[in-house]
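In case you want the letters, here they are:
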Amino acid sequence: MVGNLLLRGMLVGVLAGLLAFGFARIFGEPQVDRAIALEGTVGHSHDRGDHDHGAAPAGGEAEKPELVSRETQAGLGLLTGAVVYGAAVGGLFALVFAFAYGRVGRLDARATAALLALGAFIALVVVPDLKYPPNPPAVGNPDTIGERTSLFFIMLAISVAALVLAVNMALGLARRHGGWTAGIIAGVVYVAIIAVAQVALPAVNEVPEGFPADLLWQFRIASLGMHAVLWTTIGLAFGALAERSFARRGGGRLAFSR
């Protein structure tokens, strides 16, 4: 049964990846093209001659041609990345669902899937992006990319750990105080942990002087929207498929669900 759910999750993930790709092509790629056109024309606070994309490198050497064309990046490259990422996320989501189904109150398959997708979207996307939002080309110092990546994943790990702690706390408190009270207390604990982490971790602001604020905002909104499409599709479509599968099997619980 778990294998069946895993397959369904990966198929739903492929569908979600296709929809996310369509969203990114319509709303995200135009912002990327605008940002690429600005490279070398906006001033960076960390300006260095070897990072000036608008001029040839020192010594008169011609700028190296790009290995992958922009058209390929925005088309086949983006499609492949979105579909592979969607399939992987969908498979992991199915495994988490298989473990959580029957343990999160008395929710049916659709409600469990929707709740898990919402929690994943908040913990994996919204919370890390609040501290370290995505940036378009021409934003960010190449010399600090390792440090920025590490900080992002630290925030991501804290968010996931805090969510797991909050969920376990809610399940424990629900037996004594009821679902609503337990949920509110767990939510407050999660928000408090995230607030402390957001304040404690160092801020990163490498937006170059003169970079259009509207472009930065639209790029970040498009990135958030792409993830919202992905997780909404996974939560709703997987829940419908899982419910149909359980109905055909008589509504039985999974092997490692309570």
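Note that the structure is predicted; figures quoted are calculated from it, not measured. (Residues numbered from 1 in each chain as written. Predicted model: local features only at pLDDT ≥ 70, side-chain atom pairs only at ≥ 80, totals over all residues. Heavy atoms only, no water.)

Participant: Summarise the nonpolar core; cite the residues concerned and give the values.
Facilitator: Grouped together as the largest cluster of nonpolar side chains are 22 residues, with contacts concentrated most on Phe97, Trp231 and Phe238. Those elements that place two or more of their residues in this core are α1 (2-38), α2 (70-100), α3 (109-131) and α6 (213-248). Beyond its immediate sequence surroundings of up to four residues, tryptophan 231 is in contact with Val89, Phe93, Ala117, Ala120, Phe121, Leu124 and Val125. In this structure, Val127, Tyr132, Leu151 and Ala162 belong to the second largest nonpolar core, which totals 13 residues. (Core = buried A, V, L, I, M, F, W, Y, C linked by side-chain atoms within 4.5 Å. Buried < 20%, exposed > 50% of the residue type's maximum accessible area, 1.4 Å probe, protein only. Helix = DSSP H or I, 4+ residues; strand = E, 2+ residues; numbered from the N terminus. Contact = heavy atoms within 4.5 Å.)

Participant: If you had to explain the packing of aromatic side chains to someone new, which residues and values would you point to?
Facilitator: Going through the model one piece at a time under the given rule, you end up with 8 aromatic pairs. Ring geometry for phenylalanine 97 versus tyrosine 101: centroids 5.4 Å apart, planes at 15 degrees, classification stacked. The same class applies to phenylalanine 97 and to tyrosine 101, which are both buried. When the centroid spacing of 5.7 Å and the interplanar angle of 85 degrees are considered together, the rings of phenylalanine 152 and phenylalanine 153 count as edge-to-face. Its relative accessible area of 22% is what places phenylalanine 152 among the partly exposed residues. (Phe/Tyr/Trp six-rings, centres within 6.5 Å; stacked < 30°, edge-to-face > 60°.)

Participant: Explain a nonpolar patch on the surface to me, and be specific about the residues and the numbers.
Facilitator: Judged by side-chain polarity, Leu124, Val160 and Val164 come together as a nonpolar surface patch covering roughly 200 Å² of accessible area. Relative to the helices and strands, valine 160 is located in helix α4 (residues 145-177). (Patch = residues over 30% accessible without salt bridge, like charges linked within 9 Å, V, L, I, M, F, W, Y side chains within 5 Å. Areas by Shrake-Rupley, 256 points an atom, 1.4 Å probe, with all protein chains shown as cover. Salt bridge = Lys/Arg side-chain N within 4 Å of Asp/Glu carboxyl O.)

Participant: Pulling in residues and values, what's your account of the environment of aspartate 214?
Facilitator: Along the chain, aspartate 214 turns up in helix α6. Under the relative-accessibility criterion, aspartate 214 is labelled partly exposed at 39%.

Participant: Go over the pattern of salt bridges with me, naming the residues and quoting the values.
Facilitator: In total, this model carries 3 salt bridges according to the counting rule given. The shortest N-O distance in the salt bridge between arginine 34 and aspartate 214 comes to 3.6 Å. Here the residue arginine 34 occupies a position in helix α1, and aspartate 214 occupies one in helix α6, the gap between them amounting to 180 residues. Of the residues examined, arginine 34 reaches a relative accessible area of 34% and is grouped as partly exposed.

Participant: Could you give me a rundown of the packing of α3 against α4, with the residues and numbers involved?
Facilitator: One way to put it is that α3 packs onto α4 with a least axis distance of 9 Å and a crossing angle of 140 degrees. Put simply, α3 runs oblique to α4. α4 is crossed by α3, and the crossing has right-handed handedness. Counted together, Gly119, Ala123, Leu124, Val127, Pro128, Asp129 and Lys131 of α3 and Phe152, Met155, Leu156, Ser159, Val160 and Leu163 of α4 form the full contact between these two elements. (Axes fitted to C-alpha atoms, helices over the stretch in contact; angles between N-to-C directions. Parallel < 35°, antiparallel > 145°, perpendicular 65-115°, else oblique. Left-handed = near helix turned anticlockwise from the far one by under 90°.)

Participant: A description of the confidence of the model for the chain should follow, citing residues and the corresponding values.
Facilitator: Averaged over the chain, the pLDDT score is 85; the fraction of residues at 70 or greater is 86%. Below a pLDDT of 50 lies the segment residues 44-61, which in the model reaches 17 contacts outside its immediate sequence neighbourhood of four places, other chains included. (pLDDT = per-residue confidence, 0-100.)

Participant: Any chance you could break down the side chain of serine 159 for me, citing the residues and the numbers?
Facilitator: Mapped onto the secondary structure, serine 159 falls in helix α4. The class of serine 159 is buried, set by a relative accessible area of 0%. If we ignore the near neighbours within four places in the chain, the residues touching serine 159 are Ala123, Val127, Tyr190 and Ile194.

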